[in-house]
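Next come the chains, spelled out residue by residue.
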Amino acid sequence: MSTLVLELRQGDLMVVNGAPIRFRNRTRIELTGKARFLFGKQLMAPEAADTPARRIYFALQTAYIGDELERERGLEAARGYIAAFQEATTSILARDLLERALAAAEADECYQALKLARRVMRHEDAVLGLPPIPDFVREEEESDA
């Protein structure tokens, strides 16, 4: 099994298998086993889920890093939000990305689903003329969790 080494700064937040961890000092960690995790700018606060695409992202985030019950509820919420978004949008690109995101989430590949959902959020922001979420990670800055 391969390992992943992460360097985190003082104050960084990371959620591993549903448990939030805040780092008190700069540290380097090595994940040697399978873990569901997001850190820092990959995490969306509940109050930031204020548009249809952002609600989809938050539901998929919950399906990825929540406890077992939260994961089930998150996936169910994502299904509903995705169906509503696909019905309302005229964008073929958004529909395709969401179809792929839901398929990834249902195959327990939620990190990939989140990456696809971020693309839909950027598309939605452009269409609606909204600024991106402050401090939210851009795809080129991501690590492959």
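Calculation notes
Residues numbered from 1 in each chain as written. Predicted model: local features only at pLDDT ≥ 70, side-chain atom pairs only at ≥ 80, totals over all residues. Heavy atoms only, no water. Axes fitted to C-alpha atoms, helices over the stretch in contact; angles between N-to-C directions. Helix = DSSP H or I, 4+ residues; strand = E, 2+ residues; numbered from the N terminus. Parallel < 35°, antiparallel > 145°, perpendicular 65-115°, else oblique. Left-handed = near helix turned anticlockwise from the far one by under 90°. Contact = heavy atoms within 4.5 Å. Nonpolar A, V, L, I, M, F, W, Y, C, P; charged D, E, K, R; others polar. Patch = residues over 30% accessible without salt bridge, like charges linked within 9 Å, V, L, I, M, F, W, Y side chains within 5 Å. Areas by Shrake-Rupley, 256 points an atom, 1.4 Å probe, with all protein chains shown as cover. Salt bridge = Lys/Arg side-chain N within 4 Å of Asp/Glu carboxyl O. Buried < 20%, exposed > 50% of the residue type's maximum accessible area, 1.4 Å probe, protein only. Pairing = 2+ DSSP bridges.

Across the interface, helix α3 (residues 92-106) lies against helix α4 (residues 110-128) with an axial gap of 8 Å and an inter-helix angle of 160 degrees. Of the possible angle classes, the one that applies to α3 and α4 is roughly antiparallel. Between α3 and α4 the crossing geometry is left-handed. Of the residues in α4, those touching α3 at L93, A94, L97, L98, R100, A101, A104 and A105 are C110, Q112, A113, L116, R119, V120 and H123. Considered class by class, the residues forming the contact of α3 with α4 number 11 nonpolar, two polar and two charged.

The next subject is a nonpolar patch on the surface. Together, V127, L128 and L130 line one region of the surface with nonpolar side chains, adding up to about 270 Å² of accessible area. Classification of V127 by relative accessible area gives exposed; the value is 59%.

What follows covers the sheet that holds strand β3 (residues 19-22). Pairing in this open sheet of three strands is antiparallel, and the strands run β3-β2-β5 from one edge to the other. A strand with exactly one partner marks an edge of an open sheet, and here the two such strands are β3 and β5 (37-39). Between one strand axis and the next, the sheet turns by 20 degrees as a mean value, whatever way the strands run. Here strand β2 (residues 13-16) pairs with β3 via four bridges, running antiparallel. By the bridge assignment for β3, M14 is matched with I21. Contacts from helix α1 (residues 52-65) reach β2 and β5, with the element oriented near 125 degrees to β5.

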